[in-house]
Amino acid sequence: LEGHGELDPDAFEGSSASDWKKALADQGAQVEKLNLARAKEVPENAALVVLAGPETDLFPHETQALDAYLERGGRLLVALSAEKAAEENGLPKLDAWLKNRFGLEPARGYVLDPVSQVIVGDALTPLVQQYSPHPITRDFTVMTLYPTSCALLSVGNATPKASELFSSTEQAWL
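Residues numbered from 1 in each chain as written. Predicted model: local features only at pLDDT ≥ 70, side-chain atom pairs only at ≥ 80, totals over all residues. Heavy atoms only, no water.

A. Geometry of the environment of Leu 174. Relative to the helices and strands, Leu 174 is located in the segment after strand 6 (152-154). Residue Leu 174 is classed as partly exposed on the basis of its relative accessible area, which comes to 47%. In the structure, Leu 174 is positioned 169 residues away from Gly 5 in sequence and 26 Å away in space, judged by C-alpha atoms. In contact with Leu 174, not counting residues within four places along its chain, are Ala 107, Arg 108, Gly 109, Tyr 110, Val 111 and Ala 151. (Helix = DSSP H or I, 4+ residues; strand = E, 2+ residues; numbered from the N terminus. Buried < 20%, exposed > 50% of the residue type's maximum accessible area, 1.4 Å probe, protein only. Contact = heavy atoms within 4.5 Å.)

B. Inspection of the pairing of strand 1 (residues 49-52) at higher detail. Strand direction decides the pairing type here: strand 1 and strand 2 (residues 76-79), joined by four bridges, are parallel. When the sheet's bridge partners are listed, Leu 51 is paired in strand 2 with Val 78. (Pairing = 2+ DSSP bridges.)

C. View of the pattern of salt bridges. According to the stated counting rule, one finds eleven salt bridges in the structure shown. A salt bridge links Arg 38 to Glu 2; the nearest nitrogen and oxygen atoms lie 3.9 Å apart. In this pair, Arg 38 sits in helix 2 (residues 36-39) while Glu 2 sits in the segment before helix 1 (16-26), placing the two residues 36 residues apart along the sequence. Put simply, Lys 99 and Glu 105 hold a salt bridge, and the shortest N to O gap is 3.4 Å. The exposure class of Glu 105 is partly exposed, given its relative accessible area of 27%. Counted as one network, the salt bridges with shared partners bring together Asp 8, Asp 10, Lys 21 and Lys 33. (Salt bridge = Lys/Arg side-chain N within 4 Å of Asp/Glu carboxyl O.)

D. A nonpolar patch on the surface, seen in detail. A cluster of nonpolar side chains, namely Val 118, Ile 119, Val 120 and Leu 145, defines an oily patch on the protein surface of about 370 Å² accessible area. A per-element tally of the nonpolar patch places helix 6 (residues 114-120) first, with three residues. By the secondary structure assignment, Ile 119 is in helix 6. (Patch = residues over 30% accessible without salt bridge, like charges linked within 9 Å, V, L, I, M, F, W, Y side chains within 5 Å. Areas by Shrake-Rupley, 256 points an atom, 1.4 Å probe, with all protein chains shown as cover.)

E. Just the packing of aromatic side chains, in detail. Taken as a whole, this structure holds four aromatic pairs when the rule is applied. Between Trp 97 and Phe 102 the ring centres are 5.5 Å apart and the planes differ by 90 degrees, which places this aromatic pair in the edge-to-face class. With a relative accessible area of 8%, Trp 97 lands in the buried category. Residue Phe 102 is classed as buried on the basis of its relative accessible area of 13%. Note on Tyr 131 and Phe 140: the rings are 4.9 Å apart at their centroids and 90 degrees apart in plane angle, and the pair reads as edge-to-face. For Tyr 131, a relative accessible area of 17% translates into the label buried. Judged by relative accessible area, which is 38%, Phe 140 ranks as partly exposed. Ring pairing ties together the aromatic residues Tyr 131, Phe 140, Tyr 146 and Phe 166, which thus form one cluster. The lysine or arginine in question, Arg 101, covers the ring of Phe 102, its NZ or CZ lying 6.0 Å from the ring centre. (Phe/Tyr/Trp six-rings, centres within 6.5 Å; stacked < 30°, edge-to-face > 60°. Lys NZ or Arg CZ within 6 Å of the ring centre and 35° of its normal.)

F. Structural detail: the side chain of Asp 57. Examined against the element boundaries, Asp 57 turns out to sit in the loop between strand 1 and helix 3 (60-71). One buried charged residue, Asp 57, forms no salt bridge at all, with the nearest opposite charge on Lys 93 at 5.7 Å. For Asp 57, the side chain forms a polar contact with the main-chain nitrogen of Lys 93, separated by 2.8 Å. Sequence-distant contacts of Asp 57, defined by excluding residues within four places in its chain, comprise His 4, Leu 91, Pro 92, Lys 93 and Leu 94. (Lys, Arg positive; Asp, Glu negative; His and termini not counted. Polar contact = N/O pair within 3.5 Å; in protein donor to acceptor, adjacent residues only side chain to side chain.)

Scope: geometric values only; no functional claims are made or implied.
Here it is in structure tokens:
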């Protein structure tokens, strides 16, 4: 998705979004930008929509288009900017949609992990060593780091329910 300051998959080589695009293309996927202000709906052939780090709020017709896409079985990956999520006002429309649609609410603040401080020298880079049972994390045993992360809280009884894939160490806090 584009139009709200999201990460650009066509940005310079070596950026996180261009790395995602290359990895997907290497597996045979076609990656295209989608601007719902112009397109009005998610194309029927879209296998996945990625909302990566929006800096400004989505418009109601965009979340309605995403709802319609999800209702017909579409898949959505939301990667929030920790800096934007940590702001007091954040992205109120997107936050409300995530809460109502998925039962998720960004916690204000950053995850601090003293274990990560010892291992990599940065408490703002939480360490993950345990993964929840899920097809995505099956046989996943390596430690991963998440620089400058925010927490997502499970609230309400939304359907479908979001799946927890991992959590920070028990010593981490917000």
